[in-house]
Amino acid sequence: MKKLSKRVSGAPVAQGGKKAAGTVRTVASRPVLVRMQKIHAMLAEGKYPNAVTLAKQLEVDPKTIRRDMEYMRDQMDYPIEYDESRRGFYYSGAVTNFPLMKATEGELLALLVARQALQAYEGTPYAQVLEKAFGKLASMLGDEVSVAASDLTDAVSFRSEGVGILDAALYASVSKAVLERREAEFDYTKPDHDTERRRVQPYHLAWMNRESYLIAHDLDRGALRMFKLARMADFKVARHRFARDPDFSPEKFFHDSFGLMGGEGAGGVKRVRVWFSSYGAQLARERVWHKSQKLRELPGGELEMELRVGNLDEIKRWVLRYCGEARALEPPELVKAVRDDARRIAKAHSGTRVNGVE
């Protein structure tokens, strides 16, 4: 019976797995974890298993078992020894648990920061799923990790501007229609309170700024449209299935969008130029706003940005957010839209009574 060798082997990988030059293999496949858990269980119970008996139970080669135990001993620091008289392996020290993976201090910090990031998804359909996934990852680390959650809360937090109101049952129905490619219909209410029954072929669910949107082929309009789930009601999934346009992809749909709104039905891609004051320029430089953006530095710290987008509505609202520190230069329709909205804003704050409110 061969004892464990003194060499340190790489972590086992599933059949067909490859190890790139200069990288470290990781415990990633379910069969490897199952084997190690079985080995750990028998060692912890004091059954003195050997490579041959374990190989028969797990239907692998004894060499595979030896590699597993070498990894557990040399990389995971488990006190595995071989007893000549009992012709089997055992734990020479106390082992209380078997974590499925080890984490460095940096990896642990990243995991805990991810846990804090879940705050940003509270109230969304993803919150419960993410919480469950985090719990699984944390449980795999075992009991040897101890970090005060209060310390992390004081150090890192995530904030956002409100949470989109969303019916979980509606989200589940829309998801089902997308996944099963079933036609659907629903009442859709626009911000102007106009409600209309829409019949669609659901293509894709998008999540942006903590709100859900459905991209679908509108059967009555014969074109792709985007619908905010918060504006839907009486959503009905039909039995009829449809074949999605093979040319559709989320990447194509959002290719020319500034945020969510693309150029469908809006005249195609437009060249946009925006001027920023020295103050606004500093804010604009702090982010990459669009993949097409080009910056031109101007005297006095001012800035001009050029980009190409398929819809001007989001650009208009973006310019207005700078409160005069940004100015639309072209196209002419964007300049007019910004001016018109600026006038409405000024009028709303002019002191005139509106619906009894001054």
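Let me begin by describing the structure that accompanies this report.

Cut-offs used in this document
- Residues numbered from 1 in each chain as written.
- Predicted model: local features only at pLDDT ≥ 70, side-chain atom pairs only at ≥ 80, totals over all residues.
- Heavy atoms only, no water.
- Helix = DSSP H or I, 4+ residues; strand = E, 2+ residues; numbered from the N terminus.
- Contact = heavy atoms within 4.5 Å.
- Areas by Shrake-Rupley, 256 points an atom, 1.4 Å probe, with all protein chains shown as cover.
- Pairing = 2+ DSSP bridges.
- Axes fitted to C-alpha atoms, helices over the stretch in contact; angles between N-to-C directions.
- Buried < 20%, exposed > 50% of the residue type's maximum accessible area, 1.4 Å probe, protein only.
- Polar contact = N/O pair within 3.5 Å; in protein donor to acceptor, adjacent residues only side chain to side chain.
- Parallel < 35°, antiparallel > 145°, perpendicular 65-115°, else oblique.
- Left-handed = near helix turned anticlockwise from the far one by under 90°.
- Nonpolar A, V, L, I, M, F, W, Y, C, P; charged D, E, K, R; others polar.
- Salt bridge = Lys/Arg side-chain N within 4 Å of Asp/Glu carboxyl O.
- Arc of directions from axis to C-beta.

1. Thoughts on the overall build of the protein
No. 1: Of the regular secondary structure elements, the protein holds 11 helices and 11 strands.
No. 2: In the protein, of all internal contacts separated by at least 6 residues, the share reaching a separation of at least 24 is 60%.
No. 3: In the structure as shown, the protein presents an accessible area of about 21,900 Å², 50% of it carried by carbon and sulfur atoms.

2. Considering the sheet that holds strand β11 (residues 326-330)
No. 1: Read from one edge to the other, the open sheet built from 4 strands follows the order β9-β10-β8-β11, with strand pairing classed as antiparallel. Looking at the sheet topology across the chains shown, the edges are occupied by β9 (294-297) and β11. Geometrically, the sheet is characterised by an average inter-axis angle of 25 degrees between neighbouring strands, direction not taken into account.
No. 2: Here strand β8 (residues 270-276) runs beside strand β10 (residues 303-309); their pairing, made up of 7 bridges, is antiparallel. Residue Lys-270 lies in a different strand from β10, and its bridge partner there is Val-309.
No. 3: Contacts from helix α10 (residues 313-320) reach β8, β10 and β11 within the one sheet, and its direction differs from that of β8 by about 0 degrees.

3. Here's the deal with α10
No. 1: Among all positions in α10, only Glu-314, Ile-315, Lys-316, Trp-318 and Val-319 are buried.
No. 2: The elements touched by buried residues of α10 are β8, β10, β11 and α11 (332-348).

4. Some words on the environment of Lys-236
No. 1: With respect to the helices, strands and loops of the structure, Lys-236 is situated in strand β7 (residues 232-241).
No. 2: Residues Lys-236 and Ala-177 lie 59 residues apart in sequence; the distance between their C-alpha atoms is 9.2 Å.
No. 3: Residue contacts for Lys-236: discarding those within four places in its chain leaves Glu-183, Ala-184, Glu-185 and Arg-197.
No. 4: One polar contact links Lys-236 to Asp-234, side chain to side chain, over a distance of 3.4 Å.

5. Digging into the sheet that holds β7
The strands that make up a sheet are held in pairs by hydrogen bonds between backbone atoms, and each pair lies either parallel or antiparallel.
No. 1: Within the open sheet, the 5 strands sit side by side as β6-β5-β4-β3-β7. Their pairing is antiparallel. Edge positions in the sheet fall to β6 (223-228) and β7, since each of these pairs with one other strand and no more. Each strand of the sheet is rotated relative to its neighbour by a mean of 45 degrees, with strand direction disregarded.
No. 2: By the bridge criterion, 6 bridges tie strand β5 (residues 211-218) to β6 in an arrangement that is antiparallel. Within β6, the residue paired with His-217 across the bridge is Leu-224.
No. 3: Along the sheet, helix α7 (residues 168-180) contacts β3 (182-189), β4 (195-208), β5 and β7; its crossing angle with β7, the most-contacted strand, is approximately 25 degrees.

6. Thoughts on the environment of Gly-268
No. 1: In this fold, Gly-268 is placed in the loop between α8 (250-253) and β8.
No. 2: Exposure remark for Gly-268: the relative accessible area of 29% places this residue in the partly exposed category.

7. Thoughts on the packing of α10 against α11
No. 1: In contact at an axis separation of 10 Å, α10 and α11 are set at 50 degrees when each is read in the N-to-C sense. Judged by the angle between their axes, α10 and α11 are oblique. Two packed elements cross with a definite hand, and for α10 against α11 that hand is right-handed. Facing Ile-315, Lys-316, Val-319 and Leu-320 of α10, the residues of α11 in contact are Leu-334, Ala-337, Val-338, Asp-341, Ala-342 and Ile-345.
No. 2: Among the residues making up the contact of α10 with α11, the classes are represented as 8 nonpolar, no polar and 2 charged.

8. Re the pattern of salt bridges
No. 1: For the structure on display, the rule yields 26 salt bridges.
No. 2: Across the pair Arg-197 and Glu-185 runs a salt bridge whose closest N-O atoms are separated by 3.0 Å. Remark: Glu-185 occurs in strand β3 and Arg-197 occurs in strand β4; sequence separation between them is 12 residues.
No. 3: Given a relative accessible area of 27%, Arg-197 falls into the partly exposed group.
No. 4: A relative accessible area of 32% places Glu-185 in the partly exposed class.

9. Re helix α2 (residues 51-58)
No. 1: Within α2, burial applies to Ala-51, Leu-54 and Ala-55. Within α2, the buried residues cover an arc of 105 degrees as seen down the axis, which keeps them to one side.
No. 2: Capping the start of α2 is the job of one residue whose side-chain oxygen sits 3.1 Å from the backbone nitrogen of Val-52: Asn-50.
No. 3: Following α2 by one or two positions, Glu-59 adopts a phi angle in the positive range, close to 60 degrees.

10. A short note on unusual backbone geometry
No. 1: Across the junction of Glu-330 and Pro-331, the peptide omega takes the value 5 degrees, indicating a cis bond.
No. 2: At Cys-323, a residue that is not glycine, the phi angle is positive and equals roughly 50 degrees.
No. 3: Here Cys-323 is to be found in the loop between α10 and β11.

11. Here's the deal with the side chain of Ser-277
No. 1: Following the sequence through the fold, Ser-277 ends up in the loop between β8 and α9 (278-285).
No. 2: Polar contacts involving the side chain of Ser-277 include one to the side chain of Glu-325, which spans 2.3 Å.
No. 3: Apart from the residues within four sequence positions on either side, Ser-277 is in contact with Gly-301, Glu-302 and Glu-325.

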